[in-house]
Amino acid sequence: MRVIVPISVGGWVRLFSRWDVLAVLLILGFLVFLAEASRHLFEPLTELQSQPLSLDPRNLPEYSARTTLRMLIAMALSLVFTFTYATLAARNKYAEKLLVPLLDILQSVPILGFISITVVFFMALAPGRVLGAEFAAIFAIFTSQAWNMAFSFYQSLRTVPAELEEAARNFRLTTWMRFWRLDVPFAMPQLIWNMMMSMSGSWFFVVASEAISVGNTTVTLPGVGSYIALAIEQRDLHAVLWAIAAMLVVILIYDQVLFRPLVAWADRFRFEQEAGGIPPRSWVFDVLRRSGIIERLTRPFAEWWRSTMRPQPSAMAAPSKPAPKRRNGWVTYLSAVSAFVIALFLLWQVASFFMQEIGLADVGTTLLLGLATLARVVVLIAIASVIWVPIGVWVGTRPRAANMIQPVAQFLAAFPANLLFPIVVSIIVAWNLSPNIWLSPLMILGTQWYILFNVIAGASAIPAELRACGANLRVRGWLWWRRIALPAVFPYYVTGAITASGGSWNASIVAEVASWGDVHLHAYGLGAYIAHQTDVGDFHRIVLGIAVMSLFVVVVNRTFWRPLYAYAERKFRLG
Amino acid sequence: MALLDIHALRQSFPRADGGEHLVLDGVELALTEGQIVGLLGRTGSGKSTLLRLIAGLAQPSGGSVTYLGNPVNGPAPGIAMVFQSFALFPWLTVLENVQLGLEALGLPEPEIRKRALAAIDLIGLDGYESAYPRELSGGMRQRVGFARALVVHPNILLMDEPFSALDVLTAETLRTDFLELWGEGKLPIKGVILVTHNIEEAVLMCDRILLFSTNPGRIISEIPVDLKQPRNRLDAQFHDLVEKIYVAMTARKQSPVAVADRVATIDTMLPRVSANLLSGLIETLAVAPFNGKADLPVLADELHLELDELFPVSESLQMLHFAEIEGGDIKLTDIGKQFAEFGMDDRKKLFQRQLLAYVPLATHIRRVLQERANHSAPKSRFLDELEDHMSIEDAEHTLRAVIAWGRYAEVFAYDDDSGAFSLENPS
């Protein structure tokens with residue numbers, strides 16, 4: 001199964017449309033609104049931790065449980081968001097015009113940007129303060145999960161096979177019934193895959209989402225992330241190792257108890273009719289299914305669920321509605337005018353927000369910083385490609401190795417950069433290295449694995465006949481790579497590299513600054529800028545940094561990755 | 001009262017240049033109780049579109065579809081469909097697939113179960129209730145498709161080439177089983193509309209056959225079938241009917257296939273037929289038992305080709321003047337016979353001559369390339385030109401067809417990466 005590329009790469013015909021402009025303005029407007037709101041709420045919030053965090057490893061089970069719970073709640077919210085937002089985007093062609101670019105730009109907004117802006121807002125929202133902080137943390141995790149899930153679901157809804165859709169209409173399924181019987185099952189395998197990716201993503205940012213510090217507001221929620229943050233602050237190497245162990249255990253449990261059963265269960269939703277390949281297995285799923293416990297426990301619920309799908313008698317009697325006629329010109333005209341007015345209003349709001357504090361010099365600075373981070377991303381992706389493509393091909397052409405590597409890489413993708421701070425910072429300080437260069441590898445720490453995943457998938461998808469033919473013609477060495485392996489994995493590689501590049505931008509906020517105890521290192525880059533402004537609590541510059549970073553991501557996606565992706569799909573797609 | 005009345009039905013889609021692309025035109029059809037009506041035609045004759053209009057899955061551009069006195073303007077209860085690709089929900093078991101339509105009707109649970117099991121029993125799926133579609137063979141899958149459609153007790157059953165995705169033997173079994181149940185009055189349906197491009201299938205199953213022309217789809221002829229069920233393919237009357245349909249479909253006047261009647265112009269749609277297939281048919285025709293002339297039904301039988309496959313090839317031969325078609329027969333011309341005797345290089349030369357003489361689009365492309373200083377032109381130049389006269393897909397198809405022929409005849413070269421036509425061949 002492959003990762004889905006962002007909309008700015010996969011979807012559009014035109015490079016930029018006026019809907020993009022509106023989407024940008026809406027998001028900026030929303031951030032500005034939150035930032036404004038937060039600024040005024042700033043002062044009263046100072047102290048909220050009743051009980052300080054402890055580095056005693058005996059607390060780790062409880063912390064892990066709390067982190068796990070947060071991630072689950074965020075996952076549930078992400079699912080709700082996915083089902084509503086993506087469905088609206090796929091079903092309503094007027095909403096689609098705005099919602100899709102909106103999602104694309106949301107995807108490019110750095111996850112930590114959301115936290116910086118929203119934390120104060122959320123904490124003011126709930127009177128019991130810890131609850132507010134929990135809201136903020138869960139929202140932060142949500143932002144690291146929701147976008148790619150929603151996009152995957154939208155893609156699936158758009159590609160529901162025409163004949164199944166016709167069958168559903170021919171048998172007059174109600175909208176609700178159709179959604180649960182056709183749309184959701186069809187989208188399920190792809191969606192679960194994206195949920196797993198999202199989970200990795202939220203682990204990567206676990207420190208940032210639990211140990212939040214914006215200006216004078218400091219929140220440390222009990223959890224694995226805060227534990228890591230504290231361990232780093234106190235230079236406690238043992239605690240760091242304990243945290244790694246705890247994370248490993250939790251991720252393993254997640255994998256065994258949640259995702260593997262889900263994958264095994266979702267196998268029935270595969271649309272391909274042929275019974276090819278080995279079906280995924282899960283012992284938890286087998287046990288649950290054989291015992292029948294789940295079935296007995298969920299029966300009342302299942303019955304109620306089915307009854308919601310039963311059409312009301314009144315609805316049956318009503319004559320079917322005629323198909324909507326084409327809209328009149330003036331409706332389109334009116335909506336265009338209102339969109340324009342909204343855009344103007346937002347523009348004015350955003351502009352006046354920036355005018356208060358920010359000059360052209362600031363914009364210039366952030367653009368330069370963005371270029372520095374861009375240079376890092378480009379170099380890192382290139383290096384990661386040189387390393388992982390050959391390894392991926394090697395592994396992918398050996399199914400046994402592929403099965404072993406996959407879960408390991410998945411764990412590594414979830415590995416937060418913060419956990420490597422002790423090593424990296426010590427080395428840089430000891431050998432007096434430049435942080436500008438040597439902090440960079442942290443950026444690609446979690447995202448390089450997407451290149452590996454995809455290349456493995458691509459290499460294992462090379463048809464056996466093609467490989468046999470290569471062997472038969474005695475194609476070996478460099479010629480084999482040039483003519484067989486590299487072209488075959490190219491489309492997969494591009495998809496992986498796109499994900500890795502987007503993720504590296506995101507990671508730059510945690511990776512361009514590193515600390516170990518009281519040693520703080522900065523690199524020159526946009527990520528460090530946003531991190532710094534968050535520390536200081538300068539909302540104008542946080543929003544500016546986020547906006548510039550999103551701009552970089554979207555522009556790179558549309559001008560570089562999209563043509564490359566289209567080329568790869570056209571030229572090298574097998575079958 | 002007729003079950004279904006169709007009057008002056010028309011379907012068209014907007015074209016790139018602002019005109020409209022007509023798919024169906026002036027269709028009149030009445031379905032009375034107890035009848036199986038066949039819609040026979042080739043790809044592009046709009047017969048599947050017609051079926052979807054009847055099912056209420058699409059809205060016509062003009063005319064009306066009336067079902068039991070009421071206009072159809074959405075999926076109507078009492079009209080069920082069997083799909084070419086089965087359209088089973090892969091995540092539902094056989095039983096759940098069959099129950100789906102009943103659940104949508106809002107029936108009580110016990111009733112749903114009873115009726116679903118009865119339908120499964122009737123259609124011969126006993127024992128497969130808990131199987132998933134992917135575990136079943138094609139024939140069994142289509143049985144589920146039938147059970148799912150029948151279980152809602154529709155008045156009209158629509159069948160969209162239901163046997164064409166099955167192998168010959170399975171299709172035959174399924175057809176026989178269906179006709180048996182229908183003949184014994186065991187099916188809870190009152191009328192059937194069957195879309196097919198298989199002439200024998202139509203004669204085997206239908207009480208009435210409507211022949212469709214292509215581009216746009218119009219009914220060109222209505223053929224009643226008065227043979228008693230069960231029908232026998234070896235029967236002389238059966239054979240005559242098949243022959244009669246072939247003749248009707250290849251007739252010179254108002255023919256669906258007689259492209260060469262009108263002299264081909266630049267905007268004539270070209271079928272996508274490979275040069276290999278053309279040579280193959282010429283060779284087959286040239287030798288015994290045909291010796292230059294063949295009866296189309298016999299040829300179709302011999303080569304195991306269906307209407308959709310045989311007609312484009314024979315039509316292309318006719319267009320290139322390698323053969324002539326008349327009265328259900330195909331006959332090689334002298335040039336065709338010559339072609340059969342030539343070796344590879346001479347064949348290419350001959351093909352080039354015919355292509356330039358009778359396919360104006362090929363001539364046009366070559367002339368444009370010659371006139372240009374760099375002897376090259378982008379694909380879009382010709383695509384745009386074609387799109388003024390036909391739908392986008394047809395234009396793409398036609399251009400692909402002429403590229404394939406042009407490459408074989410070495411009339412011009414085409415590079416798919418850059419989308420450019422040129423006169424040079426890579427050397």
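Worth saying up front: this structure is predicted, and the values here are computed from it rather than measured.

Reading the values: rules and limits
- Residues numbered from 1 in each chain as written.
- Chains lettered and ligands numbered in written order.
- Predicted model: local features only at pLDDT ≥ 70, side-chain atom pairs only at ≥ 80, totals over all residues.
- Helix = DSSP H or I, 4+ residues; strand = E, 2+ residues; numbered from the N terminus.
- Buried ≥ 20, exposed ≤ 12 C-beta atoms within 10 Å, placed from the backbone.
- Rg over C-alpha atoms; globule rule 2.2 N^0.38 Å.
- Core = buried A, V, L, I, M, F, W, Y, C linked by C-beta atoms within 7 Å.
- Contact = placed C-beta atoms within 7 Å.
- Nonpolar A, V, L, I, M, F, W, Y, C, P; charged D, E, K, R; others polar.
- Axes fitted to C-alpha atoms, helices over the stretch in contact; angles between N-to-C directions.
- Parallel < 35°, antiparallel > 145°, perpendicular 65-115°, else oblique.
- Left-handed = near helix turned anticlockwise from the far one by under 90°.
- Domains from an automatic or database assignment.
- Pairing = 2+ DSSP bridges.

## Side note on the overall build of chain A
When helices and strands are counted, chain A shows 25 helices and four strands. Evaluated residue by residue, chain A yields a buried proportion of 45% over its 575 residues.

## Some words on the overall build of chain B
Per the secondary structure count, chain B includes 15 helices and 16 strands. Over its C-alpha trace chain B gives a radius of gyration of 24 Å, about what one expects of a compact globule, namely 22 Å for 427 residues. On the principal axes, the C-alpha backbone points of chain B span a range of 75 × 50 × 45 Å. Looking at chain B residue by residue over its 427 residues, the buried ones come to 41%.

## Some words on the nonpolar core
With 284 residues, the main nonpolar core has A:Val455, B:Ile54 and B:Ile193 as its most contacted residues. If you tally residues by element for this core, the top one is helix 23 (residues 477–511) of chain A, at 15 residues.

## Examining the interface of chain A and chain B
Between chain A and chain B, the contact holds 30 residues from the first and 26 residues from the second. Elements that contribute at least two residues to the side of chain A that touches chain B include exactly helix 7 (162–170), helix 8 (175–204) and helix 14 (313–317) of chain A. Here the side of chain A that touches chain B takes six residues from helix 7 of chain A, the largest share from any one element. Taken together, the residues that form the side of chain A that touches chain B break down as 16 nonpolar, four polar and ten charged.

## Brief notes about the packing of helix 16 (residues 360–396) of chain A against helix 25 (residues 539–572) of chain A
Residue and element names in this part refer to chain A. Look at helix 16 against helix 25: their axes get within 10 Å of each other, and the N-to-C directions meet at 45°. Between helix 16 and helix 25, the angle falls in the class oblique. For the pair helix 16 and helix 25, the crossing hand works out as right-handed. In this structure, helix 16 contributes Asp362, Thr366, Leu367, Gly370 and Leu374 to the contact, and helix 25 contributes Arg541, Leu544, Gly545, Val548, Met549 and Phe552. A class-by-class count of the residues in the contact of helix 16 with helix 25 yields six nonpolar, three polar and two charged.

## As for the domain arrangement of chain A
Residue and element names in this part refer to chain A. Per the domain assignment, the segments making up chain A are domain 1 (18–42 + 59–271), domain 2 (281–311) and domain 3 (358–575). When each unit is reduced to the centre of its C-alpha atoms, the spacing between domain 1 and domain 2 is 26 Å. The interface of domain 1 with domain 2 comprises eleven residues on the first partner and eight residues on the second. Counting residues per element, the ones that place at least two in the side of domain 1 that touches domain 2 are helix 8 and helix 11 (237–266). Sorting elements by how many residues they give to the side of domain 1 that touches domain 2 places helix 11 first, with seven residues.

## A word on the environment of B:Leu157
Residue and element names in this part refer to chain B. Note on placement: Leu157 falls in strand 7 (residues 156–160). Once the C-alpha coordinates of Leu157 and Ala80 are considered, the two residues, 77 residues apart in sequence, prove to be 5.2 Å apart. Not counting residues up to four positions away in its chain, the partners in contact with Leu157 are Ala80, Val82, Ala149, Ile189 and Val192.

## Focus on the environment of B:Glu222
All names here are of chain B. Mapped onto the secondary structure, Glu222 falls in strand 10 (residues 219–224). For Glu222, a count of 13 C-beta atoms within 10 Å puts it in the partly exposed group. Along the sequence, Glu222 and Ile245 sit 23 residues apart, while their C-alpha atoms lie 9.8 Å from each other. In this view, Glu222 contacts Arg208 and Leu210; residues no more than four positions away in its chain are not counted.

## Some thoughts on the domain arrangement of chain B
Residues and elements named next belong to chain B. If you check the domain split of chain B, you get domain 1 (4–250) and domain 2 (275–422). The C-alpha centroid of domain 2 is placed 34 Å from the C-alpha centroid of domain 1. Facing the 15 residues of domain 1 at the interface are 14 residues of domain 2. Top element by residues in the side of domain 1 that touches domain 2 is helix 7 (residues 236–250). It accounts for five residues.

## Topic: the sheet that holds strand 6 (residues 79–82) of chain B
Residues and elements named next belong to chain B. With mixed pairing, the six strands of this open sheet are ordered in space as 6-7-8-3-9-10. Each edge of the sheet is formed by a strand with only one pairing partner; in this case those strands are strand 6 and strand 10. Across this sheet, the average inter-strand angle for adjacent strands is 20°, counted without regard to direction. Contacting strand 6 and strand 7, helix 4 (residues 138–150) crosses the sheet at an angle of about 175° to strand 6.

## Structural notes on the sheet that holds strand 1 (residues 4–14) of chain B
Residue and element names in this part refer to chain B. A sheet is described by the order of its strands in space; here four strands give the open sequence 2-1-4-5, paired in antiparallel fashion. One side of each edge strand has no neighbouring strand; the edge strands of this open sheet are strand 2 (20–31) and strand 5 (70–71). Sheet analysis places strand 1 next to strand 2, joined by eight bridges and oriented antiparallel. What sits directly across from Ser12, in strand 2, is Leu22.

## Describing the packing of helix 3 (residues 60–91) of chain A against helix 8 of chain A
Residue and element names in this part refer to chain A. Relative to each other, helix 3 and helix 8 sit at 135°, their axes nearing to 11 Å. When the interaxial angle is binned, helix 3 and helix 8 end up oblique. When the axes of helix 3 and helix 8 are compared, the crossing they make is right-handed. Facing helix 3, whose interface residues are Met71, Ala74, Met75 and Ser78, helix 8 presents Met195, Ser198, Met199 and Ser202.

## Points about helix 24 (residues 526–536) of chain A
Residue and element names in this part refer to chain A. For helix 24, a buried count of eight out of eleven residues is recorded, marking the element as mostly surrounded by other parts of the structure. Within helix 24, burial applies to Leu526, Gly527, Ala528, Tyr529, Ile530, Ala531, Gln533 and Thr534. Directly after helix 24, the chain includes Gly537, whose backbone phi takes a positive value near 85°.

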